[in-house]
Amino acid sequence: QVQLVESGGGLVQAGGSLRLSCAVSGRSFSNYVMGWFRQAPGKEREFVACIGWTGVTYYADFVKGRFTISRDNAKNTVYLQMNSLKHEDTAVYYCAADGTLRMTPSDYRYWGQGTQVTVSP
């Protein structure tokens with residue numbers, strides 16, 4: 001069974017940085033499209049970034065230039081480096097595996113438990 005374990009969330013002031021990590025079990029990590037999504041209270045889960053097996057990346061417009069997604073296949077881990085954080089970035093951030101580079105949650109088969117990111121104004 002594929003499991004995703006996230007870490008790196010927390011509280012940060014506006015303008016600060018956080019680095020989220022997602023460790024993935026199993027032996028198919030290098031073949032997975034990996035994504036990050038987020039969900040704020042009262043809002044739908046939304047796409048943040050994704051990375052394909054070739055390293056191609058895509059970003060939501062609201063994080064472009066601030067966030068960077070990367071992967072280390074040797075460690076079965078995907079990262080989300082978040083810089084210049086805004087109060088509006090406050091949400092639960094979810095790691096997802098086995099997507100198709102589409103930007104909707106339903107494209108992904110496996111999900112982490114989510115990690116809270118809170119950005120104080």
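First things first, this report covers the structure right here in the doc. (Residues numbered from 1 in each chain as written. Predicted model: local features only at pLDDT ≥ 70, side-chain atom pairs only at ≥ 80, totals over all residues. Heavy atoms only, no water.)

Before going further, it helps to examine the state of the cysteines. The final tally for this structure, using the stated rule, is one disulfide. Between the sulfur atoms of Cys22 and its disulfide mate Cys95 the distance is 2.2 Å. Taking the sign of the torsion about the S-S bond as the criterion, the disulfide between Cys22 and Cys95, at about -85°, is left-handed. Taken together, the residues Cys22 in strand β3 (residues 18-24) and Cys95 in strand β9 (residues 91-99) connect sequence positions 73 residues apart. For Cys22, a relative accessible area of 0% puts it in the buried group. A relative accessible area of 0% means that Cys95 is categorised as buried. Cys50 carries a free sulfur, and the closest cysteine sulfur to it, the one in Cys95, is 12 Å from it. (Disulfide = S-S within 2.5 Å. Helix = DSSP H or I, 4+ residues; strand = E, 2+ residues; numbered from the N terminus. Buried < 20%, exposed > 50% of the residue type's maximum accessible area, 1.4 Å probe, protein only.)

We now examine the side chain of Arg66. Mapped onto the elements, Arg66 comes out in the loop between β6 (57-59) and β7 (67-72). Judged by relative accessible area, which is 11%, Arg66 ranks as buried. A distance of 3.0 Å separates a polar atom in the side chain of Arg66 from the backbone oxygen of Ser84. When near neighbours in sequence (up to four residues on either side) are disregarded, Arg66 contacts Gln81, Met82, Asn83, Ser84, Leu85, Lys86 and Asp89. (Polar contact = N/O pair within 3.5 Å; in protein donor to acceptor, adjacent residues only side chain to side chain. Contact = heavy atoms within 4.5 Å.)

A large share of strand β8 (residues 77-82) lies buried, amounting to five of its six residues. One ladder, built from six bridges, connects β3 with β8; its direction is antiparallel. If you follow Arg19 over to β8, its bridge partner there is Gln81. Note: β7 against β8, six bridges, orientation antiparallel. Counterpart to Thr68 in the pairing with β8 is Gln81. Linking two consecutive strands that pair antiparallel, namely β7 and β8, is a turn of four residues; a positive phi of about 50° is found at Asn76 within it. (Pairing = 2+ DSSP bridges.)

Before going further, it helps to spend a moment on the pattern of salt bridges. Evaluated as defined, the whole model comprises five salt bridges. Among the ionic pairs, Glu46 bridges to Arg38, the shortest N-O distance being 2.8 Å. Exposure remark for Glu46: the relative accessible area of 31% places this residue in the partly exposed category. With its nearest N and O atoms 3.6 Å apart, the salt bridge here joins Asp61 to Lys64. Here Asp61 and Lys64 have matching classes, each one exposed. Each member of the salt-bridge network shares a partner with another, and the members are Arg38, Glu46, Arg66 and Asp89. (Salt bridge = Lys/Arg side-chain N within 4 Å of Asp/Glu carboxyl O.)

This part covers the environment of Arg45. By the element assignment, Arg45 lies in the loop between β4 (33-39) and β5 (46-51). Residues Arg45 and Arg102 lie 57 residues apart in sequence; the distance between their C-alpha atoms is 14 Å. If we ignore the near neighbours within four places in the chain, the residues touching Arg45 are Phe37, Arg38, Gln39, Tyr94, Pro105 and Trp111. Among the polar contacts made by the side chain of Arg45, one reaches the side chain of Gln39 at a distance of 3.4 Å.

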